[in-house]
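Summary of the model geometry
Below, each chain spelled out in residue letters.
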Amino acid sequence: MYCLTFRLLFLRQIRLVIGVGIFLDFLLQATFFVACLTIDSRRQKHDRRDLFCCSVVKNRSTKNIFGFENFGLKRFFKNTFAPILLKKVTAFFVIGLTFALFGISISGTVSLELTFQDDALFKEGSPIAEYWDVQEVYFAETSNIFPVEVFTGQLDYANENNQRKMSILFESDPEIGAISSDPFYKQNTLNSWYSLFREWGNLTDPTDVFPYDSYYEELSKFLLTEVGISIKDSLAFGEDQKLVATLSYLAIDTSSEDLDMRIDVKNSIEESIDSAGVPNSFPVSRFFLWFERDAILYQEALQILLIALAVVFVVTFLMIGNVRASAITLLGPCFSVIDMLGLMYYFSIDFNTVTIICLALSVGLTIDFSSHITIGFMSSVGSRYERVCGGLTHLGPPLTHAGITTFIATGILVFSTTYVFKLFFKMFMMIIAFGMFHGLVLVPVILWKFGPDGFFERDGDFKEEEDKIVFNYK
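Residues numbered from 1 in each chain as written. Predicted model: local features only at pLDDT ≥ 70, side-chain atom pairs only at ≥ 80, totals over all residues. Heavy atoms only, no water.

1. A few points about the overall build of the protein chain
Secondary structure assignment for the protein chain yields 15 helices and four strands. Partitioning the intrachain contacts of the protein chain with sequence separation of at least 6 by distance along the chain shows that 71% fall at a separation of at least 24. As displayed, the protein chain offers around 27,400 Å² of accessible surface, 62% of which is attributable to carbon and sulfur atoms. (Helix = DSSP H or I, 4+ residues; strand = E, 2+ residues; numbered from the N terminus. Contact = heavy atoms within 4.5 Å. Areas by Shrake-Rupley, 256 points an atom, 1.4 Å probe, with all protein chains shown as cover.)

Shown next, in the form of structure tokens:
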């Protein structure tokens, strides 16, 4: 449940949903799937057909419905794939290719920039998409000026000390005003109810204040004027008819689209407002949400991936019980994530919240290929060469089936016209490709050269261990 550490709410929610889904999937596989598999095993034992269980097969065929011999993929891994992969020339080529791709991907990764176009979420041909296209052509917004609201909460507005602080906060003179002196404040854009109230009351000196006892009486008179009526919606009153919250308005000029600069602008405005000393006052802007999100997205992505890889390593170590084997297994998702980040740059795939979710999922999906091969290697007997061949022979076919079926399941997204689904398709294709390459090609080569000793010394030990946990149905 490491997703609870994420600062972005939507990432926490998505990861929680995914976590619940994975748990339910595990629960179904451990119960319903095992029960169905047990029944199917008994069907095979009694030579009954798969679709018509009431019919008994008299003569078993060694060929499938397509006329091919059964277990063809298993023979391919045993007789062709494994012997070719474990040749020195092939092994050097695989390692060289892996590091070459890794180097290229590192270069692409450092060049990635955060990108999320608002129009990407619009459906192609929809009225809003057409409106956006017209706006971009004829009314494109190139300004880096953003509106900001200044919120003041519950405080004693009639208090003379607070009045002076409010005067400093909203003073238009840059020599005195807290906001107007900020370097990123757009001059002549401050629209404050309090400044208009003071102007109506002829309070020209920043030290001048309304009398405490007549403050709200004067405010009520002001709100009846034409100017007061125009800003009345910016004030909120409590049941005692005293102010509980107010809004004032201004604009800031970031002068740049750089994320760091925009965060500096936001922090500067916050510090300027704090310097006035008005209690419960702070700037508010919907653009600040995007600034903060974008500012922490790189850090959040790094945190997600590092925590995911750490959790995967711990779980792998607990399941395998060998540090070296677990470290070799972790190479699969590590290389996969880096390669995906690099190719995102070269294939012009946006780096944003959607792709970060896919990258987080990739760790859990790619580890399956590496971990199964490692477990097959550790469970086999013989030399490292023989154990790698054994692992590929027994687990290569089901992993290939898993990769192909995942490709088919997500391949339908290629016809989608929605940005998110198209992005998911591209990312999942890379997840499958890199997961299979590193799990079925790189990890076996590393295990062949650097793999640890297996769990068993002879075949009889493995059979004895199996007999302890397998229940034979009569």
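2. Observations regarding the sheet that holds strand β4 (residues 281–284)
Pairing is antiparallel across the open sheet formed by four strands, whose spatial order is β2-β3-β1-β4. Because the sheet does not close on itself, it has two edges, and the strands there are β2 (235–237) and β4. Taken over all neighbouring pairs, the strand axes of this sheet differ in orientation by 20 degrees on average, direction set aside. Taken together, the eight bridges between strand β1 (residues 145–152) and strand β3 (residues 243–253) define a ladder with antiparallel strand orientation. Note on β3: the bridge partner recorded for Phe151 is Leu247. With respect to the sheet, helix α10 (residues 286–320) is in contact with β1, β3 and β4, its orientation differing from that of β1 by roughly 105 degrees. (Pairing = 2+ DSSP bridges. Axes fitted to C-alpha atoms, helices over the stretch in contact; angles between N-to-C directions.)

3. Structural notes on the environment of Ala245
Here Ala245 shows up in strand β3. Exposure remark for Ala245: the relative accessible area of 17% places this residue in the buried category. Sequence separation between Ala245 and Gln154 is 91 residues, and the spatial gap between their C-alpha atoms is 5.9 Å. Beyond its immediate chain neighbours, meaning those up to four positions away, Ala245 contacts Phe151, Thr152, Gly153, Tyr157, Ser234, Leu235 and Ala236. (Buried < 20%, exposed > 50% of the residue type's maximum accessible area, 1.4 Å probe, protein only.)

4. Some points on the environment of Phe170
Within the secondary structure, Phe170 sits in helix α5 (residues 160–170). By relative accessible area, which is 2% here, Phe170 ends up buried. Residues Phe170 and Pro206, spaced 36 residues apart in sequence, show a C-alpha to C-alpha distance of 10.0 Å. Not counting residues up to four positions away in its chain, the partners in contact with Phe170 are Val150, Ile179, Leu190, Ser192, Tyr194, Ser195 and Ser248.

5. Overview of the pattern of salt bridges
All chains considered together, the criterion is met by four salt bridges. Linking Lys221 and Glu217 is a salt bridge whose minimum nitrogen-to-oxygen distance equals 3.8 Å. Here Lys221 pairs with Glu217, and both are found in helix α7 (residues 215–222), just four residues apart, close to one helical turn. Residue classification places Lys221 among the partly exposed positions, given a relative accessible area of 41%. (Salt bridge = Lys/Arg side-chain N within 4 Å of Asp/Glu carboxyl O.)

6. Description of a positive patch on the surface
Among the surface-exposed residues, Lys88, Arg324, Arg384 and Lys449 lie close enough to one another that they form a single positively charged patch. When you line up the elements, Lys449 lands in helix α14 (residues 419–450). (Patch = residues over 30% accessible without salt bridge, like charges linked within 9 Å, V, L, I, M, F, W, Y side chains within 5 Å. Lys, Arg positive; Asp, Glu negative; His and termini not counted. Charge placed at Lys NZ, Arg CZ, Asp CG, Glu CD.)

7. Description of the nonpolar core
With 38 residues, the main nonpolar core has Leu169, Ile179, Trp193, Tyr215 and Leu219 as its most contacted residues. Listing elements by their share of this core, those giving two or more residues are β1, α5, α6 (193–200), α7, β3, α9 (259–275) and α10. Residues contacting Leu219, with those up to four places away along its chain left out, are Trp193, Phe197, Phe237 and Leu243. Core analysis: the second largest hydrophobic core is formed by 33 residues, Ala308, Ile349, Ile431 and Phe434 among them. (Core = buried A, V, L, I, M, F, W, Y, C linked by side-chain atoms within 4.5 Å.)

8. Notes on a nonpolar patch on the surface
Together, Val20, Phe23, Leu24 and Leu27 make up a nonpolar patch on the protein surface, roughly 380 Å² of accessible area in all. Tracing the chain through its elements places Leu27 in helix α1 (residues 9–45).

9. Quick look at the side chain of Ser234
Here Ser234 is to be found in the loop between α8 (226–231) and β2. A polar side-chain atom of Ser234 sits 3.2 Å from a polar atom in the side chain of Tyr249. The contacts of Ser234, once residues within four sequence positions are left out, are Ala245, Thr246, Leu247 and Tyr249. (Polar contact = N/O pair within 3.5 Å; in protein donor to acceptor, adjacent residues only side chain to side chain.)

10. A look at helix α3 (residues 88–110)
Between its terminal C-alpha atoms α3 stretches 33 Å, which fits the 33 Å expected from 23 residues at 1.5 Å a residue. Listed as buried for α3 are Ala91, Val94, Thr98, Ser105 and Gly108. Of the surrounding secondary structure, the elements contacted by the buried residues of α3 are α2 (72–85), α11 (323–346) and α14. (Expected span 1.5 Å × (residues − 1).)

11. Overview of α2
The α-helix advances 3.6 residues per turn, and as a result positions three or four apart in sequence lie on the same side. Between its first and last C-alpha atoms α2 spans 18 Å; for 14 residues at 1.5 Å apiece the expected length is 20 Å, and the two agree. Roughly 35 degrees is the biggest bend found in α2, and it falls at Lys78. Among the residues of α2, those classed as buried are Phe77, Ala82 and Leu85. Elements that come into contact with the buried residues of α2 comprise α3, α13 (384–411) and α14. (Bend = angle between axes of the 7 residues up to and from the residue.)

12. Here's the deal with the packing of aromatic side chains
How two aromatic rings sit relative to each other is given by the distance of their centres and the angle of their planes. Scanning the entire structure with this criterion turns up 21 aromatic pairs. Here the aromatic rings of Phe197 and Phe210 are separated by 4.2 Å at their centres, their planes lie at 10 degrees, and the arrangement is stacked. Taken together, the positions of Phe197 in helix α6 and Phe210 in the loop between α6 and α7 put the pair 13 residues apart, joining distant regions of the chain. Residue Phe197 is classed as buried on the basis of its relative accessible area, which comes to 0%. Judged by centre distance (5.4 Å) and plane angle (15 degrees), the rings of Tyr298 and Phe351 are stacked. Here Phe351 lies in the loop between α11 and α12 (353–379) and Tyr298 lies in helix α10, a separation of 53 residues in the sequence. You can call Tyr298 partly exposed: its relative accessible area is 36%. A residue is classified by how much of its surface remains accessible, and Phe351, at 5% relative accessible area, is buried. Ring pairs connect the aromatic residues Tyr157, Trp193, Tyr194, Phe197, Trp200, Phe210, Tyr215, Tyr216 and Phe222, which therefore count as one cluster. (Phe/Tyr/Trp six-rings, centres within 6.5 Å; stacked < 30°, edge-to-face > 60°.)

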